[in-house]
Amino acid sequence: LEHISGLLQWDQYTKMPPNGSDGRSEQLALLSSLAHAQLTDPAMGELLEALEKADLDEVQAASLRNTRRNYERAHRVDAVLVQRLARAQAVGFEDWRIAKEASDFSLFSGSLRDLVDLSRERARSIDDRQEPYDVLLDDYDPGLESDFLDTSFGRLRTELSELLHAIAGQPDPP
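Note that the coordinates shown come from a computational prediction; the quantities given were computed from them, not determined experimentally.

Conventions and cut-offs
Residues numbered from 1 in each chain as written. Predicted model: local features only at pLDDT ≥ 70, side-chain atom pairs only at ≥ 80, totals over all residues. Heavy atoms only, no water. Salt bridge = Lys/Arg side-chain N within 4 Å of Asp/Glu carboxyl O. Helix = DSSP H or I, 4+ residues; strand = E, 2+ residues; numbered from the N terminus. Buried < 20%, exposed > 50% of the residue type's maximum accessible area, 1.4 Å probe, protein only. Patch = residues over 30% accessible without salt bridge, like charges linked within 9 Å, V, L, I, M, F, W, Y side chains within 5 Å. Areas by Shrake-Rupley, 256 points an atom, 1.4 Å probe, with all protein chains shown as cover. Axes fitted to C-alpha atoms, helices over the stretch in contact; angles between N-to-C directions. Parallel < 35°, antiparallel > 145°, perpendicular 65-115°, else oblique. Left-handed = near helix turned anticlockwise from the far one by under 90°. Contact = heavy atoms within 4.5 Å.

What to know about the pattern of salt bridges
With the rule as written, the count across this model stands at 13 salt bridges. For Arg 24, the salt bridge goes to Asp 11, with nearest N and O atoms at 2.9 Å. Of the two residues, Arg 24 sits in helix α2 (residues 21-40) while Asp 11 sits in helix α1 (residues 2-14), which places them 13 residues apart along the sequence. On the basis of relative accessible area, Arg 24 is assigned to the buried category, the value being 10%. Residue classification places Asp 11 among the partly exposed residues on the basis of a relative accessible area of 21%.

Below, the structure is given as structure tokens:
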């Protein structure tokens, strides 16, 4: 289901005809809902419990940990919110494309606001004790926190500024 969603998104980004976003947003919302239902199905929990008792190699154990983590996070998010977010992402992309073409951010600002609000709501559903950005960051890089990024980017800002200052005014290389 996620692979099909990926193909539909690719099509939306590359070949979908104008004015197709309404139908596409409904398709993606449905697929997200179906995938969420499968991931949160009690049978999935039973399968995970059975696998946790199995003799797994290192790669299998890591895969099981990731799946368990996704299962637990998905259980905290309401299915209706999953659909709303998928729909908003599809509509938001189309609004972004139109705004970019017109060089008019105001055509996208409402969709962006909706996406941020829904993402914050999803983050609060998963863990309302953490900063929403850290919860969402955990989707892409488990265990990474914004404090680490702040430190890393702060160091890069300093070092890159020094580099830019050092080469400013130098003649262009041949």
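What follows picks up the thread again.
So, a nonpolar patch on the surface
Judged by side-chain polarity, Phe 153, Leu 156, Leu 160, Leu 163, Leu 164 and Ile 167 come together as a nonpolar surface patch covering roughly 590 Å² of accessible area. Residue position: Leu 160 is located in helix α8 (residues 146-167).

A look at the packing of α2 against helix α4 (residues 58-75)
For the pair α2 and α4, interaxial distance at closest approach is 9 Å and the crossing angle is 115 degrees. When the interaxial angle is binned, α2 and α4 end up roughly perpendicular. In this structure, the crossing between α2 and α4 has a hand that is left-handed. Only Asn 70, Tyr 71, Ala 74 and His 75 of α4 make contact with α2, whose side of the interface consists of His 36, Leu 39 and Thr 40.

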